[in-house]
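Listed below, chain by chain, are the residues.
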Amino acid sequence: MTGVGVSKGVALGQAQWMRLTVLLPIDNTPINPSEISTEKSKFEDARQAALKQIRALVTSLRMKLPKEAEIFQAHALILEDEEFVTPVIQLIEQQCLPAGAAIYSITQTLKDTFLAMDNEYFQARAQDIVDIERRLILNLQGTPPVDLQLLEPGTILLAEELTPSETAGLNTEKVIGLATRLGGKTSHTAILAKALGIPAVVGCSELEQIQDGDQIIINGDTGEILVNPSSVERQSALNAQKLQQEREIRFAAEVKLPTETLDRHQLTLAANLSHPGMTAEAIKAGAEEVGLFRTEFLYLGRDSAPSEEEQFQVYKTVVEGMAGRPVIFRTMDIGGDKQVPYLGLAEEDNPFLGYRALRICLQEPELFSAQIRAILRTSAFGPVKIMFPMVATLDELDKATAIVKCIGKELACEGIPSASAVPLGIMIEIPSAALRAAEFAAEVDFFSIGTNDLIQYTLAADRLNPKLSSLYQACDPAVLRLIAGVIEAGRKRGIPVGVCGEMASQPLGALLLLGMGINELSMSIGSLPEIKSLIRRTVYSEAARLVQSALRMRTTQEVQMHIQEYLNGH
Ligand code: PEP
Ligand code: MG
């Protein structure tokens, strides 16, 4: 089978489907009285299966994550409680409800009871009831949930698509590769896999044919997937793994050396992070900055927005972890493929063109100011910059800047320390901003080009749609022209321009950006050593000449061949 290889390397392991999201609609049609005992046993089987899964989870989490283990322990207690079990059975017996509808009815009542309580702790327990309900119903459907903590070592996780919140608990000791049926080069599965440093293939339409437990090989370079491989194929996968390891050892030898070309042109290599616990790894891989901290990950997979204090603690950990190296915090970029239920956002026909990121922040002053306060407070602990995503107009920038200024004064009045000047920058990821880069450059301290979105908006090609992956290309002449224009506008105004989209992490893309005069390349930790090595083997003036001819080419393929030829020669 073939899909799109999005995170390098070869993984050989057993397949496991992740089925967290397929809750079938609940059937409310009353059953025939003769079916009551069957429905009761279905409920009992689902309850026992759920209990067994939860107990396994508690055992596995007890040592590593004792708090989480306690939560699941509480779930087991509820499932064993007569006050929960009896009402479900009564609904099946007395109202002839199918098991699923009976469970749903009782959990709804319980959830509402918790929500109505005048106590934050008990209100939060409503989410536990939702978890229990979901686990019971999935078991009833015969598609038990996959608990990420319980996967066998050597698992290659398969899914329709992985959302950031679903993968929050992914354990890389167990998961050695990812493959999804949907998704494109810059889907979050791709970003996640790169951050974890594991191979991934997305957009593989035949993936459904793979069964749980099948031995598979996925190749994150070529996008190939082999099911139940022969011994020859297994051996060649092992050889490829060995080669990859050798390359990694070579790159590792260079990570502490300067990021400069053979003719001494320097630039900054930075890491894209979304988790405070990754700073040591980023530094080890050669990151000189955090070029993009995706703060939205703090907002995902929970029932309310993080408080100012919670954010402050996370941001401070990042800044302290980077030990004097600058950190660019991007204000939250919710929307598009990153949805949160508690904001009550309406479903949209075109979420990528919808109410997202800064657009939400400017309409939700409380949400935005909690984040800005937290970032500004963090600036007292090390060099911090603020970056706004999805800026389309100067008007949006004016509003966001005014809010930051106002909050800065507010903190000063309250006597809360923060840096006297925190650089403000924007992501250039919407063509309108790229086209007006000269005007924006006059008003901000830095640019960071978000190629993931810039490509999709320039070519009107959804970044997640595998059918469009040949159209969705960083080397497209229109995309290249826009990027070159932005870099030039930044250069003229004397502000640094970086790229934090995936283009920066691909040798071909990085070489083009280098030749265009980019100041900073920011990428997933796993890509840093390879790109450093590439830069150190390149002559800047040659890269610049390469770009001049690339910018005159007619097609993406011509550009790719042209650059690839140069790469092969080096
Ligand atoms: C981008 O669009 O290039 C980017 C870095 O942001 P995200 O992938 O989070 O949309
Ligand atoms: Mg973006």
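Above: the structure in question.
To keep things clear, this report deals only with the structure shown in the data block. Note that residues are indexed from 1 along each chain, following the sequence as it is written. For naming, the first written chain is A and the first written ligand is 1, with later ones following in the order written. Owing to the predicted nature of the model, reporting of local features is limited to residues with pLDDT of at least 70; listing and counting of side-chain atom pairs is limited to 80 or more, with chain, interface and lining totals taken over all residues. Note that the side-chain values use all heavy atoms of the structure and ignore hydrogens as well as water.

**Concerning unusual backbone geometry**
Put simply, the rule reads: Strands here mean DSSP runs of E at least two residues long; helices mean DSSP runs of H or I at least four residues long; both are numbered from the N terminus.
You will see that Met390, though not glycine, has its phi angle at about 55°, which is positive. Tracing the backbone through its elements, the reader meets Met390 in the loop between β11 (384-388) and α13 (394-414).

**Some points on the site of ligand 1**
Cut-off, in case you're wondering: The nearness test applies per residue and asks whether one of its heavy atoms lies within 4 Å of the molecule or strand. Within 3.5 Å is the distance limit for a polar contact, defined as a pair of N or O atoms, with the added protein rule that one can donate a hydrogen and the other accept it, and that residues adjacent in sequence qualify only through two side-chain atoms. Computed with the Shrake-Rupley method and a 1.4 Å probe, the accessible areas treat only the protein chains shown as cover for residues. Space inside and on the surface of the protein is sampled on a 1 Å grid over the protein atoms alone, with a cavity defined as a set of points where a 1.4 Å probe fits but cannot get out and a pocket as an open set with protein on both sides within 12 Å along at least 5 of 7 lines; lining residues have an atom within 4 Å of a point. Those molecules having more than half of their atoms within 2 Å of a cavity or pocket grid point set are described as sitting in that cavity or pocket. Three classes are used: nonpolar for Ala, Val, Leu, Ile, Met, Phe, Trp, Tyr, Cys and Pro, charged for Asp, Glu, Lys and Arg, and polar for all others, with Gly counted as polar.
What surrounds ligand 1 is a group of 15 residues, the closest being Arg294, Arg330, Gly450, Asn452 and Arg463. Residue Asn452 places a main-chain N or O atom 2.8 Å away from an oxygen atom belonging to ligand 1. Arg463 places a side-chain nitrogen or oxygen 2.8 Å from an oxygen atom of ligand 1. When isolated, ligand 1 has an accessible area of 290 Å², and the protein chains bury 100% of it. Comparing atom positions with the cavity grids shows ligand 1 to sit within the largest cavity. Those elements that provide at least two residues to the shell around ligand 1 are β9 (289-294) and α16 (451-459). No other element matches α16, which puts three residues into the shell around ligand 1. Looking at the shell around ligand 1, its residues break down into four nonpolar, four polar and seven charged.

**With respect to the sheet that holds strand β12 (residues 424-428)**
The line we're drawing: Paired strands are those between which DSSP finds at least two bridges. Between the N-to-C directions of two axes lies an angle of 0 to 180 degrees, each axis being a line fitted to C-alpha atoms and, for a helix, fitted only over the stretch in contact. In this analysis, two residues are considered to be in contact whenever any of their non-hydrogen atoms come within 4.5 Å of each other.
Pairing within the closed barrel is parallel, and its eight strands lie in the order β8-β9-β10-β11-β12-β13-β14-β15. Pairs of neighbouring strands in the sheet enclose a mean axial angle of 25°, with direction left out of account. Direction of pairing for β9 relative to strand β10 (residues 327-330): parallel, over a ladder of three bridges. Bridging from a neighbouring strand, Val290 pairs with Val327 of β10. Lying on the sheet, helix α17 (residues 477-493) is in contact with β12, β13 (446-449) and β14 (497-499); it crosses β13 at an angle near 165°.

**Overview of the coordination of the magnesium ion (ligand 2)**
To keep it simple, the criterion reads: Coordinating N, O and S atoms are those within 2.8 Å of the metal (3.2 Å for Na, K and Ca), and as water is not part of the atoms, a site may appear to have fewer donors than expected. Note on exposure labels: buried denotes an accessible area under 20% of the residue type's maximum, exposed denotes more than 50%, and partly exposed covers the range between, all computed with a 1.4 Å probe on protein chains only.
Glu429 (OE) and Asp453 (OD) make up the full set of protein donors to the magnesium ion (ligand 2), lying at 2.0 to 2.1 Å. Here Glu429, found in the loop between β12 and α14 (431-435), pairs with Asp453, found in helix α16; they are 24 residues apart in sequence, far enough to count as distant. Taken individually, Glu429 and Asp453 each receive the classification buried, so the pair is uniform in this respect.

**Brief notes about the state of the cysteines**
Worth spelling out the cut-off: The term disulfide is used for any two cysteine sulfur atoms that are within 2.5 Å.
Summed over the entire model, instances satisfying the criterion amount to zero disulfides. Free of any disulfide, Cys406 has its nearest neighbouring cysteine sulfur in Cys413, separated by 9.4 Å. We classify Cys406 as partly exposed; its relative accessible area is 47%. With no disulfide of its own, Cys475 lies 18 Å from the sulfur of Cys500, the closest cysteine sulfur. Look at Cys475 and you get buried, because its relative accessible area is 5%.

**Description of the packing of aromatic side chains**
For clarity, the threshold we go by: Two rings from Phe, Tyr or Trp (for Trp, the six-membered ring) form a pair when their centres sit within 6.5 Å of each other. Planes less than 30 degrees apart are called stacked, planes more than 60 degrees apart edge-to-face, and all others tilted.
For the structure on display, the rule yields five aromatic pairs. Measuring from ring centre to ring centre gives 6.4 Å for Phe293 and Tyr315, while their planes differ by 80°; the resulting arrangement is edge-to-face. One end of the pair, Phe293, is in strand β9; the other, Tyr315, is in helix α10 (residues 308-321), with 22 residues separating them in the sequence. The exposure class of Tyr315 is buried, given its relative accessible area of 0%. A centroid spacing of 5.5 Å and a plane angle of 65° characterise the contact between Phe293 and Phe329, whose relative ring orientation is edge-to-face. Residue Phe293 is located in strand β9, and its partner Phe329 is located in strand β10; the two are separated by 36 residues in the primary sequence. Following the ring pairs from residue to residue traces out a cluster consisting of Phe293, Tyr315 and Phe329.

**As for the sheet that holds strand β7 (residues 225-227)**
Within the open sheet, the seven strands sit side by side as β1-β5-β4-β3-β2-β6-β7. Their pairing is mixed. The open sheet has two free edges, formed respectively by β1 (4-7) and β7, since each of these has just one partner strand. On average, adjacent strands in this sheet sit at an angle of 30° to one another, irrespective of strand direction. By the bridge criterion, five bridges tie strand β3 (residues 155-159) to strand β4 (residues 175-180) in an arrangement that is parallel. Bridge assignment links Ala159 to a residue of β4, and that residue is Thr180. Taken strand by strand, helix α8 (residues 231-252) contacts β2 (10-17), β6 (215-219) and β7, and its axis lies near 120° from that of β2.

Purely spatial values, then, with no claim about function.
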